[in-house]
Amino acid sequence: MDLGVRAQESSLRNIFGPSDQLCMPPYQRSYSWGEREAGELLNDLLDAADSKTPHFVGAVVLNKSAEEGILEIVDGQQRLTTLTILLAVLRDLEEDKARSADIHSLIANEARPLLGEPASWRLTLNHMDGPFFRHAIQTPGATLTIESEPGESESQQRMVQNAKVFLKRLRALSKDKRHELSEVVMNGCALVRVVVADKEQGFTVFRVLNTRGKEPDAHDIIKTELFQRAKFDVKDAAFYSERWSEHEAILGGAAFDDLLRQIRAIYDKSSKGELISAFLKNVISKVSPRKFLDDVLPRYVEAYQLVTTAKLPNGEHADHISDKLNQMRALDQASWRAPALKFLVERGVDDPDALDFFNKLERLAYVIMLILPDRDQRNKRFNKVSENITNKRVLNGRNSPFIINNDEARRAFERLHGRFATFGQRRAMALRLNAALDGGFTIPPESDATVEHVLPRNVHEDSHWMITWPDPAKRREQCDTLGNFVLLTNKVNQRADRLDYRAKKEVYFNGGGGEAFALTRDLIDQDAWTSEVVRKRTERLAEILMQEWGLQHYL
């Protein structure tokens, strides 16, 4: 009998071989290993290098994707991501080009233009962390400038911090010791590679490998409390446990926790305190455990899938609403999800006001991102929207929580002229501009589109940019403004990097695909790149966004 499970002992070189690409499915949680876990892994690998023995890393569970050559990681994300960070640091510290290229071969395939083959990445993270991971870790040389990458989300900050730890410790080693370590990492890490035929089998294997002795997630604790309060008998407990597991399999543990967090925000105006006690106090006090499990949770699971994938069923305005969801998904804050979820659950995507609602929600999400850095203030504003989802009179009235007043519009317009210092904000704004420009379109955040700085962030002393931009203060001031952004695929971005302006344009528009992006196409007739050009372009792009959001009368 074929059990549908294939397991074999593998080295990291085999796991990151050229035949398959590993990717993180949308339901997987983000990177969560901290300095302690990363440091312990490095210690184990150094011990293995000293003793010249293999190091057993554990099992990696992979699920065959519908796309040929793609394997989804069901279990093993944290180890594989951390090992990739370590490989990237070893690669960037390696002075021998051949050895460095060998290490990089476990991170990516170099492009082979003559064969029509683009660069391919061994490991692709989720859409929030994937572009940052490529930019700050996987790209050759990236870890050497990791100090300049703050990381916007907690997961990105952990990547940066672990890369810094590895960089510091590996710099203290001799070349020979680093060579021994790289040999162990590439060829001496023993893993069990488990490939399953479908997601259900993958999660079964995952639970067998991980649940014994594993600290429970928030949704596990909430499930136990719900079952106890519902006073289920054995039969009911088995039935609802199976349904709960189905929800977890659909969303993944971290996403399930986030969904419960969003439901809590809908029911709890304060949104303060830790999730579990606040959920039980504010949600289950308003709806019985059985009703929550039968009626509320299934509808929110379905809505959460729509909100986090932007894949809507066919409908009159489905494409436009999907665009609005994708534009919000690019943001590095998720407070907008609660009102979006409640609208889909309470009124649905076919509601006559759905198009207007998501237009206004997207505008509010971006304006709030621009002017309210405080999370509690953002939550309060979105809570007001959630409270009035079914009250059309308030939601569409003069005092609607969607209203952007004169002061808020002014502050947003001013902020659009400023610097966007974080990777997440730069990418969200560039993607949003691409949709706002003539001939542009909405790009899903999980795409390979990356932000290219026309004026490079780091200018060499012998660069031509020192002639056209001699003032370092102006370079700092304008480099991270809207006017200096274009979009390119990651591969083309690496080619353009620190070239002078004319050479960059050759890369952009001579086979580089830049004309596919409205934000990049915007430069076709621009002959020079000066401080004045960037200033005027920033002003023009800011005005376009204000018009896109219906705020032009505040200019």
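Just above, that's the structure.
What you see is a predicted model, and the numbers here were worked out from it, not measured in a lab.

(A) Looking closely at the overall build of the protein chain. Counting its secondary structure elements, the protein chain contains 26 helices and ten strands. Relative to the 2.2 N^0.38 estimate, which gives 24 Å for 555 residues, the radius of gyration of the protein chain is 25 Å and therefore close to what a compact globule would have. Reported as C-alpha extents along the three principal axes, the dimensions of the protein chain are approximately 65 × 65 × 40 Å. Relative to its 555 residues, the protein chain shows a buried fraction of 53%. For the protein chain, restricting intrachain contacts to residue pairs at least 6 apart in sequence, the fraction spanning at least 24 positions comes to 72%. Of the roughly 25800 Å² that the protein chain leaves accessible, carbon and sulfur atoms contribute 48%.

(B) Up close: the packing of helix 15 (residues 337-346) against helix 16 (residues 354-371). Where helix 15 meets helix 16, the closest approach of the two axes is 11 Å, and the angle between their N-to-C directions is 175°. In terms of their interaxial angle, helix 15 and helix 16 are classed as roughly antiparallel. For the pair helix 15 and helix 16, the contacting residues are Pro339, Ala340, Phe343 and Leu344 in the first and Ala354, Phe357, Phe358 and Leu361 in the second. In terms of residue class, the contact of helix 15 with helix 16 is made up of eight nonpolar, no polar and no charged.

(C) Local environment of the side chain of asparagine 490. Topologically, asparagine 490 is positioned in helix 23 (residues 490-496). You can call asparagine 490 buried: its relative accessible area is 5%.

(D) Representation of the packing of helix 5 (residues 130-138) against helix 6 (residues 154-171) within the structure. At a minimum axis distance of 11 Å, the contact between helix 5 and helix 6 shows a crossing angle of 10°. Taken together, the axis directions place helix 5 and helix 6 in an arrangement best described as roughly parallel. As helix 5 runs across helix 6, the sense of the crossing is right-handed. Contacts between helix 5 and helix 6 involve Phe132, Phe133 and Ile137 from the first element and Gln156, Met159, Val160 and Ala163 from the second. Residue classes in the contact of helix 5 with helix 6 are distributed as six nonpolar, one polar and no charged.

(E) Quick look at the pairing of strand 3 (residues 55-64). With eight of ten residues buried, strand 3 lies mostly within the body of the structure. Two strands pair when backbone bridges link them, and strand 3 and strand 8 (residues 189-196) are joined in this way by eight bridges, in the parallel orientation. In the strand pairing of strand 8, asparagine 63 is matched with valine 196. Sheet analysis places strand 3 next to strand 4 (residues 70-75), joined by four bridges and oriented antiparallel. Across the sheet, valine 61 pairs through a bridge with aspartate 75, a residue of strand 4. Hairpin connection, strand 3 to strand 4: the antiparallel pair is bridged by five residues, and glycine 69 has positive phi, about 85°.

(F) Examining the nonpolar core more closely. If you look at the biggest cluster of nonpolar residues, it comprises 95 residues, and the most contacted ones within it are Phe279, Phe292, Leu297, Phe358 and Leu416. Discounting chain neighbours no more than four positions away, the residues touching phenylalanine 279 are Ile222, Leu260, Ile263, Arg264, Ile284 and Phe292. Of all hydrophobic cores here, the second largest spans 54 residues; its members include Tyr31, Val57, Leu90 and Ala136.

(G) Representation of empty space enclosed by the protein within the structure. Evaluated as defined, the whole model comprises four cavities of 30 Å³ or more. What the second largest cavity holds in volume is close to 60 Å³. What lines the second largest cavity is Phe343, Arg347, Asp353, Asp356, Phe357, Lys360, Leu395, Asn396 and Phe402. Here the lining of the second largest cavity is composed, by residue class, of four nonpolar, one polar and four charged.

(H) Spotlight on the layout of surface pockets. Looking at the second largest pocket, its volume works out to about 670 Å³. Forming the boundary of the second largest pocket are 26 residues, of which His135, Thr139, Asn493, Asp497 and Arg498 lie nearest the centre. Elements that contribute at least two residues to the lining of the second largest pocket include exactly helix 5, helix 20 (423-436), strand 9 (449-453) and helix 23.

(I) Focus on the pattern of salt bridges. Under the definition given, this model contains 41 salt bridges. Of the charged contacts in the structure, one is a salt bridge between arginine 410 and aspartate 407, with a shortest N-O distance of 2.4 Å. In this pair, arginine 410 and aspartate 407 both sit in helix 19 (residues 406-416), three residues apart, roughly one turn of the helix. For aspartate 407, a relative accessible area of 36% corresponds to the partly exposed category.

(J) Layout of the packing of aromatic side chains. What the rule picks out here adds up to 13 aromatic pairs. Geometrically, the ring pair formed by phenylalanine 279 and phenylalanine 292 is edge-to-face, given 5.5 Å between the ring centres and 80° between the ring planes. With a gap of 13 residues between them, phenylalanine 279 in helix 12 (residues 275-282) and phenylalanine 292 in helix 13 (residues 289-309) connect regions that are remote in the sequence. Considering the side-chain rings of tyrosine 366 and tryptophan 549, the 5.8 Å spacing of their centres and the 35° angle between planes classify their relative orientation as tilted. Taken together, the residues span a long stretch of sequence, with tyrosine 366 in helix 16 and tryptophan 549 in the segment after helix 26 (531-548) at a distance of 183 residues. Across the pair, exposure class does not vary: tyrosine 366 and tryptophan 549 are buried alike. Grouped by ring-pair contacts, the aromatic residues Phe227, Phe232, Phe239 and Tyr240 constitute a single cluster. Sitting over the ring of phenylalanine 420, arginine 415 keeps its end group 4.2 Å from the ring centre.

(K) Structural context of unusual backbone geometry. Of note, lysine 231 is a non-glycine position whose phi angle comes to about 55°, a positive value. The residue lysine 231 is located in the loop between helix 9 (218-230) and helix 10 (234-251) in this model.

(L) Here's a closer look at the environment of phenylalanine 441. Along the polypeptide, phenylalanine 441 turns up in the loop between helix 20 and strand 9. A C-alpha to C-alpha distance of 8.9 Å links phenylalanine 441 and leucine 431, two positions ten residues apart in sequence. Excluding anything up to four places from it in sequence, phenylalanine 441 contacts Asn434, Ala435 and Ala516.

(M) Quick peek at helix 12. Among the eight residues that make up helix 12, six are buried, leaving the element largely enclosed by the rest of the structure. Structurally, helix 12 contributes buried residues whose contacts are with helix 9, helix 11 (253-267) and helix 13.

Calculation notes
Residues numbered from 1 in each chain as written. Predicted model: local features only at pLDDT ≥ 70, side-chain atom pairs only at ≥ 80, totals over all residues. Heavy atoms only, no water. Helix = DSSP H or I, 4+ residues; strand = E, 2+ residues; numbered from the N terminus. Rg over C-alpha atoms; globule rule 2.2 N^0.38 Å. Buried < 20%, exposed > 50% of the residue type's maximum accessible area, 1.4 Å probe, protein only. Contact = heavy atoms within 4.5 Å. Areas by Shrake-Rupley, 256 points an atom, 1.4 Å probe, with all protein chains shown as cover. Axes fitted to C-alpha atoms, helices over the stretch in contact; angles between N-to-C directions. Parallel < 35°, antiparallel > 145°, perpendicular 65-115°, else oblique. Nonpolar A, V, L, I, M, F, W, Y, C, P; charged D, E, K, R; others polar. Left-handed = near helix turned anticlockwise from the far one by under 90°. Pairing = 2+ DSSP bridges. Core = buried A, V, L, I, M, F, W, Y, C linked by side-chain atoms within 4.5 Å. 1 Å grid on protein atoms, 1.4 Å probe; cavity = no way out; pocket = protein on both sides within 12 Å on 5 of 7 lines; lining within 4 Å. Points joined across faces, edges and corners; volume = space filled by probe spheres on them. Salt bridge = Lys/Arg side-chain N within 4 Å of Asp/Glu carboxyl O. Phe/Tyr/Trp six-rings, centres within 6.5 Å; stacked < 30°, edge-to-face > 60°. Lys NZ or Arg CZ within 6 Å of the ring centre and 35° of its normal.

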